[in-house]
Number of protein chains: 2
Amino acid sequence: MFETAELGRKIEKHDYERLVPKLRMDLLRVQNELFQKKPFPVIVLIMGVDGAGKGETVNILHEWMDPRYLEATAFGPLSDEERERPDFWRFWRALPPKGKIGILFGSWYTRPIVQRAYGEIKKVALEDALARINTFEKELAADGALILKFWFHLGKKVQKKRLKSLEKDPKQRWRVTPQDWKHFKLYDTFYKVSTRALRSTSTGEAPWTIVEGADPRYRYLTVGQHILDQLTRRLKEHAKGATRPAPAEKPAPAPERQRQPTILNTLDLARSVEKKKYEKELEELQGRLNALARKASQKAVSTVLVFEGWDAGGKGGAIRRITSALDARAYRVIPIAAPTDEEKSHHYLWRFWRHIPRAGRITIYDRSWYGRVMVERVEGFAAEHEWMRAYKEINNFEEQLTGHGTVVVKFWLHISKDEQLRRFKEREKTSYKQYKITQEDYRNRAKWDDYELAVNDMVERTSTEYAPWHLIEANDKYYARLKILGVICRALEGALKKA
Amino acid sequence: MFETAELGRKIEKHDYERLVPKLRMDLLRVQNELFQKKPFPVIVLIMGVDGAGKGETVNILHEWMDPRYLEATAFGPLSDEERERPDFWRFWRALPPKGKIGILFGSWYTRPIVQRAYGEIKKVALEDALARINTFEKELAADGALILKFWFHLGKKVQKKRLKSLEKDPKQRWRVTPQDWKHFKLYDTFYKVSTRALRSTSTGEAPWTIVEGADPRYRYLTVGQHILDQLTRRLKEHAKGATRPAPAEKPAPAPERQRQPTILNTLDLARSVEKKKYEKELEELQGRLNALARKASQKAVSTVLVFEGWDAGGKGGAIRRITSALDARAYRVIPIAAPTDEEKSHHYLWRFWRHIPRAGRITIYDRSWYGRVMVERVEGFAAEHEWMRAYKEINNFEEQLTGHGTVVVKFWLHISKDEQLRRFKEREKTSYKQYKITQEDYRNRAKWDDYELAVNDMVERTSTEYAPWHLIEANDKYYARLKILGVICRALEGALKKA
């Protein structure tokens, strides 16, 4: 989930200076419209790791916006007054009225996350707290509130560096408390708990926006721009007389966002393996996989493999290297193309539920439910509220699978745009591969950037601890196949140990 | 919650014979329209206590409707196939396609409720299962499915009688299994678990309809009519091109429903107390309350008292008898009239959250958040989706209060229509009471039947084990005041024992 917030995104100074004046003017304008019309309240949550610039961002927002229409509340330790009432009382008190923007620094998320990270509450109590939060936010959203939740993230190394540099600066030192270092020691725990919390609470009504916190200019612009976009959009809907507000949605890819690196840029596509080495290791891995699959069958451990990737990314070849290592009775390959009439008449997940493997078997999905947030999103086959909702639906679906003991392994096969073109041309030349290449492939190729953004969001929102994404550098087919087989073997070994 | 399904509602034979032919024709018509247009699937859940006529109702629906567009599934013990896959796999399999009605006899509710009633799973596991169910139903509803959930209820005595009479009938005997009797022994446990389950899962997308199961004609007509109403409504919305289906709503009060008894009819308004006895008992009760309030203050137990009732029902007088027994520093009376501008600019619950008492104090609400589902509903100040949603919001709110340890006691002061008129007239004659009576009171009075239905729904949906409604027979003020004081004293005693 946070992988996409460790990419080193930044904004250059001259870009920042060019963009900020316009953004500020726009913010003041929508703020004024909001206050004049008073159609709904805006609730902005500022959450995230220490040292990621939360406080500074709140300051900047105050600087940029009209403080008369802004109400900021920071939540510290509970007061006597607050302790004597139910937990949410303090938050109800702090809610902004219609027409105003309330910035909440800290929030209803703070306590459950901190308590869980320190082991003071159990996992079920965290789940329970998150369910209550969802109910609370749903009530506010149903009443019309626009809820914008920002989570500021820093990679572990970056956080350490940042805390140290703050400490060195006499003017900034006060920002670092002993508690910050105490939290830092629990970085990995906080990472896990926050992932869980964000995933459970990224709803259609109130989705999270994860902000890479390393670069101040980047984070200020991201937050400011997102507030502007969402507020503009909601005001427009309201003016059109929408009685029921559409859920807050993913930020429109701002120009800065388009130019920022995505998770795919982190992959080193130069990775390759010599043919000799490949043949040797392939045989070894296939032998290992065969033995593991037998054992899984005996122990009734089921497996679901998901293959996604660019056209001509090598999914088919990789799948064949897997199936050739398996007993034909043990697996099924489900190629996912356009849905049948029958499938269309059901919920989009229905067609995937159908093929869930029995105990000990393997289902390989050649493309999958991720079509909803990829091709259906990019091509506009699914409406925005449909594919936005799908992230959570997919996470739920995969959680049910893994909760049942099924091993779920997901691959994205990544190749460069040049490599794709090379393969297209090659296919056109090879008679028995010609059927594989159509005009549609070229059409999809033209939307490469949109797909790349969609992949980035997909990984951000559906890479879970129970079913993480494996991004495969696939310019070299040998390298890709070996890596995939290795991942599957390790996943099975892990599951069999527990079975 | 089930109080309203033990009222002895029934349909006479000649009414039934008059109503059924029209209902059947209408059902066939909408079914056909549904099948031709295929706009969405319809999911009908048939759940409830044994012997309440679930199976017979499914049979009747088959008889009334076109079986070609109907798919019924009964869920028995898990098959091998099912056991080897996640829990919901069997339900996904059974979902109807767009254009058809799927009747599910038993459902995703059966297992968690039965397991909890038998103590096989803990309370948190039940909560977790219910949260998953909500997510599942939300996904289906978001995809357009119309979900109609029926819960068949029988009072304890009626159920026993019914099981016995079934056993005696050679043709019906097979309907009664040893398991039914085993369940019956756990009647009270099942009652509690079902209440919990229904309340947690009666959502805007998929509300429960509780059906009094004692009279066959009543239950068949209720279910058939509700399916007809909801399907008609949804088809109409769809034809209007609503992209986002409005949530399924409360059944429009069918003509039969209007004539059926409500929970208020169960009250014996003739109850009264002699003046002498009243004066003596009042003093005793006030003394007891005073001592209890002191103790509650020491032990930091807070109390919320809610007074609702007909105009001129005697709320003010009852409240004065309470406050005169209390230390003035310990309580606040909050009269709820039209909201202020500030209050209007917030969520409707905000104004009530403001006045939640501190530890050990008492807040008395003279009218309350129930205005949302009473006056705002009847007068149309709140849209249907708003007041329908409010039941759950209110339950959540009160659960947070009681979860924090606050005692919540709710009263509905019931008087007869005649008695109300008598009191209105009396007020008009008494100079210092004239201010209490306005034209509005007469206007409200004209909507007596609507209010009565609203009270019935309110009790059905918000009488919880943690904050039950107390219906007060208030034609006699003395009787009412004593009963109210008694209830408060007992509630405080119970809470203080635990504190």
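Quick word on the overall build of chain A
Within chain A one finds 21 helices and ten strands. In terms of overall size, chain A behaves like a compact globule, its C-alpha atoms giving a radius of gyration of 24 Å where 499 residues would be expected to give roughly 23 Å. Counting only C-alpha atoms and orienting by the principal axes, one finds that chain A spans roughly 70 × 50 × 50 Å. The buried share of chain A, reckoned over its 499 residues, is 57%. Long-range contacts, defined as pairs at least 24 residues apart, comprise 81% of the intrachain contacts of chain A with a sequence gap of at least 6. About 22,200 Å² of surface is accessible on chain A, with carbon and sulfur atoms providing 51% of the total. For chain A, the distance from the average site of its 92 positive side-chain charges to the average site of its 69 negative ones is 3 Å.

Thoughts on the environment of His153 of chain B
All names here are of chain B. Turning to its location among the elements, His153 is positioned in strand S4 (residues 146-153). On the basis of relative accessibility, which here comes to 1%, the residue His153 falls in the buried class. Separated by 121 residues in sequence, His153 and Glu274 have C-alpha atoms that sit 39 Å apart. Every residue in contact with His153, bar those within four places of it in the chain, is listed here: Phe2, Ala5, Glu6, Val49, Ala52, Tyr187, Tyr191, Ile210, Val211, Glu212, Gly213 and Ala214.

Quick word on the relation of the copies chain A and chain B
Of the transformation superimposing chain A on chain B, the axial component is 0.0 Å and the angular component is 180°, with the fit at an RMSD of 0.0 Å. The transformation relating the two chain copies, once decomposed into turn and shift, fits a two-fold axis. Mapped onto chain B, 100% of the interface residues of chain A again fall at the interface, so both copies present the same surface.

Comments concerning the domain arrangement of chain A
Residue and element names in this part refer to chain A. Examined at the domain level, chain A breaks down into domain 1 (3-260) and domain 2 (265-498). On a C-alpha basis, the centres of domain 1 and domain 2 stand 34 Å from each other. Both sides of the domain 1 and domain 2 interface together cover about 1,800 Å² of buried area, and 45% of this is carbon and sulfur. The tally of links from domain 1 across to domain 2 stands at four salt bridges. Its salt-bridge partner being Glu465, residue Arg199 comes within 3.1 Å of it at the nearest N-O pair. Where domain 1 touches domain 2, the interface holds five residue pairs in polar contact (both at pLDDT 80 or more). Breaking the side of domain 1 that touches domain 2 down by element, the ones donating at least two residues are helix H9 (187-201), strand S5 (208-212) and helix H11 (255-259). Ranked by the residues each element gives to the side of domain 1 that touches domain 2, the list is headed by H9, at five residues.

With respect to the sheet that holds S4 of chain B
Residues and elements named next belong to chain B. Spatial strand order, S2-S3-S1-S4-S5: five strands in an open sheet with parallel pairing. Across the chains shown, the open sheet's two edge strands, defined by having one partner strand only, are strand S2 (70-74) and strand S5 (208-212). Adjacent strand axes in the sheet meet at a mean angle of 20° when their direction is disregarded.

Overview of the pattern of salt bridges
Tallying each qualifying case throughout the model produces 92 salt bridges over all chains. Note that Glu127 of chain B is salt-bridged to Arg196 of chain B, the shortest N-O span being 2.8 Å. With Glu127 of chain B in helix H6 (residues 123-142) and Arg196 of chain B in helix H9 (residues 187-201), the pair connects residues that are 69 residues apart, well separated along the chain. Asp327 of chain B is the partner of Arg329 of chain B in a salt bridge, and the nearest nitrogen-oxygen pair spans 2.9 Å. Overall, the relative accessible area of 32% leaves Asp327 of chain B in the partly exposed class. Because the salt bridges share partners, they merge into one network encompassing Glu127, Arg196, Arg199, Glu399 and Glu465 of chain A.

A look at the sheet that holds strand S4 (residues 146-153) of chain A
The strands making up a sheet associate through hydrogen bonds between their backbones, and the pairing can be parallel or antiparallel. All names here are of chain A. Taking strand neighbours across the sheet as the criterion, the five strands line up as S2-S3-S1-S4-S5 in an open arrangement whose pairing is parallel. Across the chains shown, the open sheet's two edge strands, defined by having one partner strand only, are strand S2 (70-74) and S5. Here the strands of the sheet are splayed against their neighbours by 20° on average, with no regard to which way each runs. Examined bridge by bridge, strand S1 (residues 42-48) and strand S3 (residues 101-105) share five bridges and lie parallel to one another. Paired with Ile46 across the bridge in S3 is Phe105. This element, helix H2 (residues 54-64), spans S1, S2, S3 and S4 of the sheet and lies at about 160° to S3. Running over the sheet, H9 touches S4 and S5 and is turned about 160° from S4.

Some words on the interface of chain A and chain B
Tallying the contact residues gives 43 residues for chain A and 44 residues for chain B. With both sides pooled, the region where chain A packs onto chain B buries about 4,400 Å², and carbon together with sulfur makes up 53% of that total. Summed over the shared surface of chain A and chain B, the number is six salt bridges. Linking Arg358 of chain A and Glu84 of chain B is a salt bridge whose minimum nitrogen-to-oxygen distance equals 2.8 Å. Contributions of two or more residues to the side of chain A that touches chain B are made by helix H3 (80-83), helix H4 (89-94), helix H6 (123-142), helix H15 (350-353) and helix H17 (384-403) of chain A. In terms of residue class, the side of chain A that touches chain B is made up of 18 nonpolar, eight polar and 17 charged.

What counts and what doesn't
- The residue numbers shown here count from 1 along each chain, following its written sequence.
- In the order they appear in the text, chains get letters beginning with A and ligands get numbers beginning with 1.
- Local features in this predicted model are restricted to residues whose pLDDT is 70 or higher, and side-chain atom pairs enter the listing and the counts only when it is 80 or higher, whereas totals over whole chains, interfaces and linings include all residues.
- Here the side-chain values reflect all heavy atoms present in the structure, with hydrogen atoms and water set aside.
- Numbering of helices and strands runs from the N terminus, with a helix taken as a DSSP run of H or I at least four residues long and a strand as a DSSP run of E at least two residues long.
- Two things to know: the radius of gyration comes from C-alpha atoms, and the globule rule equals 2.2 Å times the number of residues to the power 0.38.
- Under the scheme applied here, a residue whose accessible area is under 20% of the maximum for its type counts as buried, over 50% as exposed, and between as partly exposed, the area being computed with a 1.4 Å probe on protein chains only.
- Whether two residues are in contact is decided by their heavy atoms, any of which lying within 4.5 Å being enough.
- Surface exposure here means Shrake-Rupley accessible area, sampled with a 1.4 Å probe, where a residue is shielded only by the protein chains that are shown.
- For the charge count, each Lys or Arg is scored as positive and each Asp or Glu as negative, with His and the chain ends excluded.
- Every charge is mapped onto a representative atom, which is NZ of Lys, CZ of Arg, CG of Asp or CD of Glu.
- Least squares is the method for superposing the copies, and the C-alpha atoms it fits come from residues with pLDDT of at least 70 in both.
- In this document the domain limits rely on a domain assignment from an automatic tool or a database.
- Two parts placed together each lose some accessible area; with a 1.4 Å probe, that loss summed over both constitutes the buried area.
- We count a salt bridge whenever a side-chain nitrogen from Lys or Arg sits within 4 Å of a carboxyl oxygen from Asp or Glu.
- Contacts described as polar in this section are N or O atom pairs within 3.5 Å, which, within protein, must combine one atom able to donate a hydrogen with one able to accept it, while residues neighboring in sequence count only if both atoms come from side chains.
- Here the rule is simple: two strands pair whenever DSSP picks up at least two bridges between them.
- The axes used here are C-alpha line fits, helices contributing only the stretch in contact, and every angle between their N-to-C directions lies in the interval 0 to 180 degrees.
- Here the nonpolar group is Ala, Val, Leu, Ile, Met, Phe, Trp, Tyr, Cys and Pro; Asp, Glu, Lys and Arg are the charged ones; every other residue, Gly included, is treated as polar.

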